[in-house]
Amino acid sequence: MKQISADLWQTETLSPFPGLNTNAYLWTSPEGNVLFYNTTHEHEFDHIAELGGVAHQYLSHRDEVASSLATVRERFGAQLHIHKADADEVTQTPVDDAFDTRHFAISGLEVIPTPGHTPGSACYLATISGRRHLFTGDTLVLGKDGWWAGYLEGHSDRDTLVSSLERIGRLAPEVIVSSAFMTDTGVTELGDRQWAECVTEARAGLTG
């Protein structure tokens, strides 16, 4: 595990495809630790145990479904959360929360359905170590040539994804944490750049 900030930790990187990397992230929240995304590096679960385990696991979409979901539940008693439209992909363990509406959860975590990359894609906004972190899954990713909207031909719905980008473009995050990434890291500090500009850039690439 790599410490990103006082309350956020990153698992060892996975590379499921050439040029594509992923991490999971543990938020050590005072109301119970939250694991965003998923990892199949099961040795990381020993490190997670040292940090207090997992109370809740939030997936951003169906591509994060793997056998390790059952391990997280069995070892830590974690509750699993995933958008209703992708919940049928989970066969390894019960789903505790198949959501389909925007809402607030523990520690002020905002759950934001953002279908388009997959029917059940979702983003999550949380204030961690005093800063607003937006977990974008594969809905929006910083690529080598700028911000990229997660559209895959034959896999995604372009019009629905455009609507989801409009929704998250109205947010005001300070740190972006994607699931997949094509650069050195999935954690992006926005600094002085406006988030709306990043979303506009991604949307322009999507719509041509």
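Quick notes on the rules
Residues numbered from 1 in each chain as written. Predicted model: local features only at pLDDT ≥ 70, side-chain atom pairs only at ≥ 80, totals over all residues. Heavy atoms only, no water. 1 Å grid on protein atoms, 1.4 Å probe; cavity = no way out; pocket = protein on both sides within 12 Å on 5 of 7 lines; lining within 4 Å. Points joined across faces, edges and corners; volume = space filled by probe spheres on them. Helix = DSSP H or I, 4+ residues; strand = E, 2+ residues; numbered from the N terminus. Nonpolar A, V, L, I, M, F, W, Y, C, P; charged D, E, K, R; others polar. Buried < 20%, exposed > 50% of the residue type's maximum accessible area, 1.4 Å probe, protein only. Pairing = 2+ DSSP bridges. Right-handed = clockwise from strand over helix to strand, strands pointing away. Core = buried A, V, L, I, M, F, W, Y, C linked by side-chain atoms within 4.5 Å. Axes fitted to C-alpha atoms, helices over the stretch in contact; angles between N-to-C directions. Parallel < 35°, antiparallel > 145°, perpendicular 65-115°, else oblique. Contact = heavy atoms within 4.5 Å.

## Remarks on empty space enclosed by the protein
Where empty space is left can be seen by rolling a probe of water-molecule size over the atoms. Tallied over the full model, the rule gives two cavities of 30 Å³ or more. Computed from the structure, the largest cavity encloses a volume of approximately 40 Å³. What lines the largest cavity is Q57, L69, V72, R73, A78, Q79, L80, T93 and P94. Listing elements by their share of the lining of the largest cavity, those giving two or more residues are α2 (68–76) and β8 (79–83). Per-element tally for the lining of the largest cavity: the top contributor is α2, with three residues. In the lining of the largest cavity, the residues fall into five nonpolar, three polar and one charged.

## Remarks on the pairing of β8
Successive side chains on a regular strand alternate, one facing one side of the sheet and the next facing the other. By the criterion of burial, β8 is predominantly enclosed, with four of the five residues buried. Both strand β7 (residues 56–58) and β8 contribute to a ladder of three bridges, which runs parallel. Note that in β8 the partner of H56 across the bridge is Q79. With α2 bridging β7 and the parallel β8, this β-α-β connection has right-handed handedness.

## With respect to the nonpolar core
Within the largest apolar cluster, 29 residues are counted, with the highest numbers of intra-cluster contacts made by W27, F36, V54, Y124 and F135. Of all the secondary-structure elements, those providing two or more residues to this core are β2 (8–10), β5 (25–27), β6 (34–36), α1 (44–50), α2, β12 (122–128) and β16 (175–178). The leading source of residues in this core is β12, at four residues. Counting 20 residues, the second largest nonpolar core, distinct from the first, contains L134, L165, L171 and L206.

## Describing the packing of helix α3 (residues 158–169) against helix α4 (residues 195–207)
Interhelical geometry of α3 versus α4 gives an angle of 170° and a closest axis separation of 9 Å. Our classification of the angle between α3 and α4 gives roughly antiparallel. Residue-level inspection shows R158, L161, V162, L165, E166, I168 and G169 of α3 in contact with α4, the latter providing W195, A196, V199, R203, L206 and T207. In terms of residue class, the contact of α3 with α4 is built from eight nonpolar, two polar and three charged.

## Re α2
Of all the residues in α2, the buried ones are S68, L69, A70, V72 and F76. Elements in contact with the buried residues of α2: β6, α1, β7 and β8. G77 lies just past α2 and shows a positive phi near 70°.

## Observations concerning the sheet that holds strand β17 (residues 180–181)
The strand order across the open sheet formed by three strands is β3-β4-β17, and the pairing between neighbours is antiparallel. Where the open sheet ends on each side, the last strands, each with one partner, are β3 (14–17) and β17. Sheet topology places β3 next to strand β4 (residues 20–22); two bridges connect them, and they run antiparallel. Pairing of F17 across the sheet is with L20, part of β4.

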